[in-house]
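# Overview (structure and organization)
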Amino acid sequence: MSENIVSGKAWADFCDQLKSAGETILADNAPDDPLNRTEGFRYLSRLTKLALEQYVEATDTDFPFFYKLSHDTAKIGADNPDSAYLNAQIDGSKSYRITGKRGSMKYFSIVANAMRYDSDGTAQATGSLMDDEINWGPDGELEIIASCDEQPGNWLRLEPDANIIIVRQNSLDRVAEEAGQFSIERINGPDSPMPIAAEALERGLATTAQFVKGVASTFADWTRMFAEYPNSFHPFDQQIYQKAGGAKDLFYAHAYWKLEPDEAWLIEVVPPECDYWNFQLNNWWMESLDYRFAQVTVNKHSARLEADGSLRIIVAAENPGTGNWIDTCGHSEGTALLRWQDAQENPLPRARVIKLEEMT
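Reference entry: report on the structure contained in this document.

This part is about the layout of surface pockets. The calculated volume of the largest pocket comes to roughly 370 Å³. Lining the largest pocket are 20 residues, with K68, D72, S83, A84 and Y85 positioned closest to its centre. It is strand 1 (residues 83–89) that contributes the most residues to the lining of the largest pocket, four residues altogether. Class assignment of the residues belonging to the lining of the largest pocket gives a composition of seven nonpolar, seven polar and six charged.

Moving on to the packing of aromatic side chains. This structure, assessed with the given rule, holds 15 aromatic pairs. Taken together, a centroid distance of 6.3 Å and an interplanar angle of 65° make the contact between W222 and F226 edge-to-face. A residue pair is termed a helical-turn pair when its members lie 3 or 4 positions apart in one helix, as W222 and F226 do in helix 5 (residues 198–227) at four residues. Between W222 and Y241, the ring centres sit 5.3 Å apart and the planes meet at 65°, which makes this aromatic pair edge-to-face. Taken together, the residues span a long stretch of sequence, with W222 in helix 5 and Y241 in helix 6 (residues 239–243) at a distance of 19 residues.

Across the nine residues of strand 15 (residues 333–341), nine count as buried, placing the element largely inside the fold. Every second residue of strand 15 is oriented toward a common face, with E333, T335, L337, R339 and Q341 on one face and G334, A336, L338 and W340 on the other, all of them buried. Here strand 9 (residues 250–258) pairs with strand 15 via nine bridges, running antiparallel. Bridging across to strand 15, A255 finds its partner in A336. Where strand 11 (residues 276–282) lies against strand 15, seven bridges are found, and the strand directions are antiparallel.

On to the pattern of salt bridges, then. The tally for this structure, following the rule as stated, stands at 14 salt bridges. Residue R46 pairs with E287 through a salt bridge whose shortest N-O separation is 3.0 Å. Note that R46 is positioned in helix 4 (residues 34–57) and E287 in the loop between strand 11 and strand 12 (297–299), a separation of 241 residues in sequence. Residue R46 shares its accessibility class with E287, and that shared class is buried. Its salt-bridge partner being R157, residue E159 comes within 3.9 Å of it at the nearest N-O pair.

Judged by nonpolar contacts, the single largest core of 38 residues is most densely connected at L47 and I76. The element contributing the most residues to this core is helix 5, with eight residues. Discounting residues that sit within four places of it in the chain, L47 has contacts with K75, I76, F211, V212, V215 and A216. Counting residues in each nonpolar core, the second largest holds 26 residues, with F251, V298, A303 and W340 among its members.

Bringing the packing of helix 2 (residues 9–20) against helix 5 into the picture now. It is the contact of helix 2 with helix 5, at a shortest axis distance of 9 Å, that shows an interaxial angle of 5°. Judged by the inter-axis angle, helix 2 sits roughly parallel to helix 5. From helix 2, A10, W11, F14, Q17, L18 and S20 reach across to helix 5, where they touch E202, L205, T208, A209, V212 and K213. The residue inventory of the contact of helix 2 with helix 5, partitioned by class, reads seven nonpolar, three polar and two charged.

Conventions and cut-offs
Residues numbered from 1 in each chain as written. Predicted model: local features only at pLDDT ≥ 70, side-chain atom pairs only at ≥ 80, totals over all residues. Heavy atoms only, no water. 1 Å grid on protein atoms, 1.4 Å probe; cavity = no way out; pocket = protein on both sides within 12 Å on 5 of 7 lines; lining within 4 Å. Points joined across faces, edges and corners; volume = space filled by probe spheres on them. Helix = DSSP H or I, 4+ residues; strand = E, 2+ residues; numbered from the N terminus. Nonpolar A, V, L, I, M, F, W, Y, C, P; charged D, E, K, R; others polar. Phe/Tyr/Trp six-rings, centres within 6.5 Å; stacked < 30°, edge-to-face > 60°. Buried < 20%, exposed > 50% of the residue type's maximum accessible area, 1.4 Å probe, protein only. Pairing = 2+ DSSP bridges. Salt bridge = Lys/Arg side-chain N within 4 Å of Asp/Glu carboxyl O. Core = buried A, V, L, I, M, F, W, Y, C linked by side-chain atoms within 4.5 Å. Contact = heavy atoms within 4.5 Å. Axes fitted to C-alpha atoms, helices over the stretch in contact; angles between N-to-C directions. Parallel < 35°, antiparallel > 145°, perpendicular 65-115°, else oblique.

Below is the structure:
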């Protein structure tokens, strides 16, 4: 039995490490206004909630289950408002069966990752299956075998250091479309789980604290990188995003924005031919703004295009009554992301700051 659990030292160490994550929020080169500070510390609480689910509750790889590592009230790294995310902790040396039934969301992918957010901020894909690579049943039924050894039918490749499976489902209409439901089980595993071990809890608490610090630091560094090119879309290397677990069929155009109350950020681009695209506004910590209650995102389905097929997005504190308005929700700065999925070309938008009165 772990003496650190019995004595309370593991808990005290966890609390100390979690406290130190606040240094990211209080850094000299992070915003210090009340809104960003408040959202920053809430961000740490949200990351803690997500990390405890992943590293304490979901660590028995003999009895895995799908949970949500990002959702409406807990967000990581420019989470997509159109996405339903599911994660399951696994051991890459074992074999698993994934079953379920597809919903009505347009996009589906499943990826196995060696996820190292808690240590070096990376997530390397070991295998993946996209929608058109999967043999679906007549009513959307699904069975996938995830293993190191190749299998007939739907096979998700694992490598021994794979430790997580991620399901992404994207909708074009969040109100009308429903996500599929899926489950996962180990093949030839034990009949019932063992009681939680003290060592496992100690490890889970320590890893949770590392995750919170690592994720907060990684994406704060991204924001600073984007901020070197304010109010524009710079051609950053896509490998940056792939190393952090980005989907291989998506092109990510990240940006940093900063506006005065009487200014608007005008974004113009001709969307390429592709199955899906979206634009979203995020806060400084790279959390999507609250899409449940505000107009902070637009996609291929909801956008109004100009007569020539071009897209105009207006990011501003007030609705200019033209184009596709994105609400800053009381923020004066933050990040943004435009995604193109499986496009033959990946144009970067033209962007400039103008006075709101010029939009009328």
